[in-house]
Structure formats: C-alpha cells, structure tokens
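# Observations on chain architecture
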Amino acid sequence: MTKLTEFVLVTGMTGAGRSTAAKALEKLGYYVVDNLPPGMLNDLVSSVDAAEDIDRLAVVVDSRSRTFFFGLVDAIESVHDLGVRVRTLYLEAADEVLVRRQEAARRPHPLSRQGRLMDGLVRERELLRTIRGRADLVIDTSRLNVHQLAHRVRQAFEVEDERGLHVTIVSFGFKYGIPIDADMVADMRFLPNPFWVDDLRPLSGQDEPVREYVYKQERSQEFLDRYVELLSMITNGFLQEDKLFLTVGIGCTGGRHRSVAMAEALSERLRTRDVRTLVVHRDLGRE
C-alpha cells in the first residue's frame, strides 16, 4: 500500500504558469519533479514509496515531453492502480497572453517546429485537449500575476478540509468573455444595474451601498436561495465522483457591480454550510 497521501499532476499550456504552481506546491510540502516523461510516473511512485520522508508528490508534465506525452492518460491510470489518487491541475491562458509571455521569455515554443509561435500553441492545445477534459481543476491565469496564481494553488491544495468540495467563485463581465475555467455560469443581468444610479456608478460590488442595492432586490435573494440549494444538491454527486474542485462564474455586463456583490453573497451563503470557498473578481478595476 502506497504511503502517498497526495499526488498532484501539473500540466497545461506553455507560459500559463506551471513553474509558479510547482513552487507553490513545494512550499506546501510537496516533493516536486519537473518535466517527467509520463511513462516514468509509475516508477517514480515506487521510488517515492521507498523514501521515508515523502508523502506528498507533485509532478509537472507538459508538451516538452513531445511524443512521450501521448501516454499520459494511460500512465495516470497505472498510478491509480497502485492505489494513488492523482489530482490534475491544468493551467490555461488566452492565446494573446501566452504569446506575450513567450516573447518576453525569449524562448521558442516546444512545438513551434521553427515556425510561428501561434502554430505551436495550436498544436499544444490539440495535444492537451484530452487531459484538459479530465482535469480536476482548471485555472485561467490570463489576468493573474505570479502571486495571485500561487495563492489560488495554495487555497486549492493545502491539506485542511481536503475531502470537502472546494468552490472558486469568479465574478466577471460578459463583455470581456466567459471565464474559460468555469464549470458553471450564472448570469446576474436579470437584476437592476447599479450603473444607472448616479451615486452607485463609481462604486463596486465590494462597497456597502452597492451591496445593499443589489441584495434588497427580491429576485437576488430568491436566486441565492435556489442556487445554494442547487450546489448543495450536486455536492454529494461531485464528491462521489471524486471531483473536489468546482469553479462557478457569476457574470454581469461589466463585472463591476452585480456580479461582484452576488459572488460575495454566494460565498457567504456557502461558508455557512461549511463549504470552502475562494472569491476571485476577474474584471474588477478593468474599466
């Protein structure tokens, strides 16, 4: 029987923050191995089991493995057969952000084949498509700095409450696009918009006057009541399927007033039910 209590597989797009995530896991006490060919996962687990002081393992696997990467799904299943639950963290970002980061790093993309950087990104997305669909947690790092990403990783993988559902609530503006890492999305544009109230326009959903304006709407309370019940209903199903991470997008037009206030309110409701939550305001301050 393996001694490993935690095994996190870190993967995702080049430039999306894999190194930052690995460092954050290392600070949580994980033994981190970078750029490991998938076929060696099984041997690594066996080697770690022989060590007396390692019970938490994180492995970074990505497109640098080239053709080796195609065996990743099978490699994960073989590790499962050893009695180890592998939790996959997938890091994502918008193409324009990845291009900018790669150009700043002045490193060629591993799949560009001496061609355009965008060609490499297209090949990489296709290569990673299957593993992204199987990921336990997807984080869009497009608007996160290294400190914010490290915080998200720590919030997700620190050991307390490890068997409960971890819910990340992301407020956003529809005019900037739906979060690509959202599992569920709710639209707050059915509520009156504080933007059209002169005194509230310069404020945000984090300010009490806006929160009070949004919360006093009868429909906002009805939404919170029903949505919390919906999340409570599906929680047991998620846990039975060993899905511990859920990202909920709460959107309005610009991501400044209604979505921010309702994301905070939803988090407060869930915390009263002992659901571990993290609130991220993706587009607050963007305008």
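Note: the structure precedes this text.
Treat the numbers as computed from the prediction; the structure is a model and nothing was measured. All chains use their own residue numbering, which begins from 1 and follows the written sequence. Only residues with pLDDT of at least 70 are given local features in this predicted model, and only at 80 or more are side-chain atom pairs given and counted; all residues enter the totals for whole chains, interfaces and linings. For side-chain calculations, the full set of non-hydrogen atoms in the structure is used, while hydrogens and water are omitted.

## Some words on the pattern of salt bridges
Put simply, the rule is: Note on definitions: salt bridges are taken to be side-chain nitrogens of Lys or Arg within 4 Å of carboxyl oxygens of Asp or Glu. What counts as a helix is a DSSP run of H or I of at least four residues, what counts as a strand is a run of E of at least two, and both are numbered from the N terminus. Buried, partly exposed and exposed residues are distinguished by accessible area as a fraction of the type maximum, computed with a 1.4 Å probe on protein chains only: under 20%, between the cut-offs, and over 50%, respectively.
Under the counting rule described, the total for this entry stands at 19 salt bridges. Its salt-bridge partner being Arg125, residue Glu92 comes within 2.6 Å of it at the nearest N-O pair. Remark: Arg125 occurs in helix H5 (residues 117–134) and Glu92 occurs in strand E4 (residues 86–92); sequence separation between them is 33 residues. With a relative accessible area of 26%, Arg125 lands in the partly exposed category. Measuring nitrogen to oxygen at the nearest pair gives 3.8 Å for the salt bridge that ties Asp283 to Arg143. With Asp283 in the segment after strand E9 (276–281) and Arg143 in the loop between strand E5 (137–140) and helix H6 (146–157), this pair connects stretches of sequence that are 140 residues apart. Its relative accessible area of 39% is what places Arg143 among the partly exposed residues. Each member of the salt-bridge network shares a partner with another, and the members are Glu92, Asp95, Arg125 and Arg132.

## Regarding the packing of aromatic side chains
Stated formally: Pairs were defined over the aromatic rings of Phe, Tyr and Trp, the Trp ring being its six-membered one, requiring ring centres within 6.5 Å. Orientation was assigned from the angle between planes: stacked under 30 degrees, edge-to-face over 60, tilted for the rest.
Applying the stated criterion to the full structure yields 5 aromatic pairs. Relative to Trp196, the ring of Phe195 lies with its centre 4.9 Å away and its plane at 90 degrees, an arrangement referred to as edge-to-face. By relative accessible area, Trp196 is classed as exposed at 66%. Geometrically, the ring pair formed by Phe223 and Tyr227 is stacked, given 5.0 Å between the ring centres and 20 degrees between the ring planes. Within this pair, Phe223 and its partner Tyr227 are both found in helix H8 (residues 218–240), separated by 4 residues, close to a single helical turn. Each of the two residues, Phe223 as well as Tyr227, counts as buried. Taken together, the aromatic side chains of Phe190, Phe223 and Tyr227 make up a single cluster linked through ring pairs.

## Concerning unusual backbone geometry
Despite not being glycine, Asn35 has its phi angle at roughly 60 degrees, a positive value. By the secondary structure assignment, Asn35 is in the loop between strand E2 (31–34) and helix H2 (41–50). A relative accessible area of 32% places Asn35 in the partly exposed class. Located in the positive-phi region is Asp274, a residue other than glycine, with phi close to 65 degrees. Summarising the element assignment, Asp274 is placed in the loop between helix H9 (258–271) and E9.

## So, the sheet that holds E4
Rules: A strand pair is defined by DSSP finding two or more bridges across the two strands. Fitted lines through C-alpha atoms give the axes, limited to the stretch in contact for helices. The angle between two N-to-C directions lies from 0 to 180 degrees. Should any heavy atoms of two residues lie within 4.5 Å, those residues are considered in contact.
With parallel pairing, the 5 strands of this open sheet are ordered in space as E2-E3-E1-E4-E5. The open sheet is flanked by E2 and E5, the only strands paired with a single partner. Each strand axis lies, on average, 20 degrees off the axis of its neighbour in the sheet, ignoring direction. When E4 meets E5, the two strands line up parallel, connected through 4 bridges. Within the sheet, the bridge partner assigned to Leu89 lies in E5 and is Leu137. Each of strand E1 (6–12) and E4 is contacted by helix H3 (residues 72–80), which is oriented at about 150 degrees to E4, the strand it contacts most.

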